[in-house]
Amino acid sequence: MESVDFHTARALLEWQIELGADECIGDVAVDRYALPEKLAKLNQQAAKPHLTRGPVKTIERDAVAEAHAAAQAADTLEALQEAMTAFELCDLKRGARNMVFSDGIAGAPVMIVGEAPVRDEDRTGRPFVGASGQLLDRMFSAIDMGRDRKDAPVYITNILPWRPPHNRDPKPEEVAMMKPFLERHIQLANPKALVLMGNWACQSLLGKRGIARLRGQWLEVSGKPTLPMFHPAYLLRNPDAKRDAWADLLSLKAAVRK
Ligand code: URA
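Being a predicted model, the structure only gives us computed values, none of them experimental.

**Concerning the site of the ligand**
Consideration 1: Residues in contact with the ligand, as listed here, are Gly114, Glu115, Ala116, Glu121, Pro127, Phe128, Ser132, Asn158 and His231.
Consideration 2: Within the side chain of His231, one N or O atom sits 2.8 Å away from an oxygen atom of the ligand.
Consideration 3: Here the ligand loses 96% of its free accessible area of 240 Å² to cover by the protein chains.
Consideration 4: Counted by class, the shell around the ligand contains three nonpolar, four polar and two charged residues.

What follows is the structure in structure tokens.
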């Protein structure tokens, strides 16, 4: 069979599922009219090992340790981006169109950590460009900061650089294996303060969730003052929470001015 790329293969599979073919029964179609000897031949063929499948070797790899080694070997943000691009152990990479590394100005006093790319970010390779990104930009422009403002810049990344399929929640193993890259990212970008947007950023860097309780409290991550805030996607669904977000933005502005 001609080989197809990931996106085409997925589209073909989804099309079959839409048609109702939701089960895979055998490698060879069953001809119910075939004479018994023809059936026996087909069964023999199906039982033959596929030529393309070599002997199966299972090599246990420690994804977190490999991520840690690759991240530590990177001395610059460019080298870190290259190391993440070359990292093959996270399955999300195979379903994503682009890796989303960062946006804004490296070296900015504020580093924002979000969750993961969704559709628009996956398409463009930039974090926070969809609806929640537009709200994020408005929130920071209200305190005279922004990803494009040379006088008061912010730097933006996510805990995962690839879009999870159907925007599902990150899996604990995905968060764990990408965390060494995120920690190195924070070290190399070296902001004055970190903002953790939402529960998943808190889960990755603080090891706990509960954003309604955590937001607005100054904590510490990698030696940096760290402020958890409601994720802009949450604020779009819960506009009443914007009052708390505004208080947190003012607290951030005061902290970085010091
Ligand atoms: N939500 C996130 O957490 N990050 C993005 O980049 C986009 C949406």
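**Section: the sheet that holds strand E5 (residues 219-221)**
Consideration 1: Taken in spatial order, the six strands line up as E1-E3-E2-E4-E6-E5 in an open sheet, and their pairing is mixed. Strands at the two margins of the open sheet, each flanked by one partner only, are strand E1 (103-104) and E5.
Consideration 2: Looking at chain direction, E5 and strand E6 (residues 224-229) are connected through three bridges and run antiparallel. Bridge pairing links Val221 to Lys224 in E6.
Consideration 3: Here helix H8 (residues 172-189) sits on the sheet and contacts strand E2 (110-114), strand E3 (154-158), strand E4 (193-197) and E6; the angle it forms with E3, its principal contact strand, is near 170°.
Consideration 4: Each of E2, E4 and E6 is contacted by helix H12 (residues 242-257), which is oriented at about 165° to E6, the strand it contacts most.

**Considering the packing of aromatic side chains**
Any pair of aromatic rings gets described here by the distance separating the centres and the angle formed by the planes.
Consideration 1: What the rule picks out here adds up to two aromatic pairs.
Consideration 2: Relative to Phe181, the ring of Phe87 lies with its centre 5.1 Å away and its plane at 70°, an arrangement referred to as edge-to-face. Here Phe87, found in the loop between helix H4 (77-86) and helix H5 (92-95), pairs with Phe181, found in helix H8; they are 94 residues apart in sequence, far enough to count as distant. By the burial criterion, Phe87 is buried, and Phe181 matches it.
Consideration 3: On the basis of an interplanar angle of 20° and a centroid distance of 4.7 Å, the ring pair of Phe230 and Tyr234 is categorised as stacked.
Consideration 4: What makes Phe230 buried here is its relative accessible area of 6%.
Consideration 5: Of the residues examined, Tyr234 reaches a relative accessible area of 30% and is grouped as partly exposed.

Scoring rules and cut-offs
- Residues numbered from 1 in each chain as written.
- Predicted model: local features only at pLDDT ≥ 70, side-chain atom pairs only at ≥ 80, totals over all residues.
- Heavy atoms only, no water.
- Near = heavy atom within 4 Å.
- Polar contact = N/O pair within 3.5 Å; in protein donor to acceptor, adjacent residues only side chain to side chain.
- Areas by Shrake-Rupley, 256 points an atom, 1.4 Å probe, with all protein chains shown as cover.
- Nonpolar A, V, L, I, M, F, W, Y, C, P; charged D, E, K, R; others polar.
- Pairing = 2+ DSSP bridges.
- Helix = DSSP H or I, 4+ residues; strand = E, 2+ residues; numbered from the N terminus.
- Contact = heavy atoms within 4.5 Å.
- Axes fitted to C-alpha atoms, helices over the stretch in contact; angles between N-to-C directions.
- Phe/Tyr/Trp six-rings, centres within 6.5 Å; stacked < 30°, edge-to-face > 60°.
- Buried < 20%, exposed > 50% of the residue type's maximum accessible area, 1.4 Å probe, protein only.

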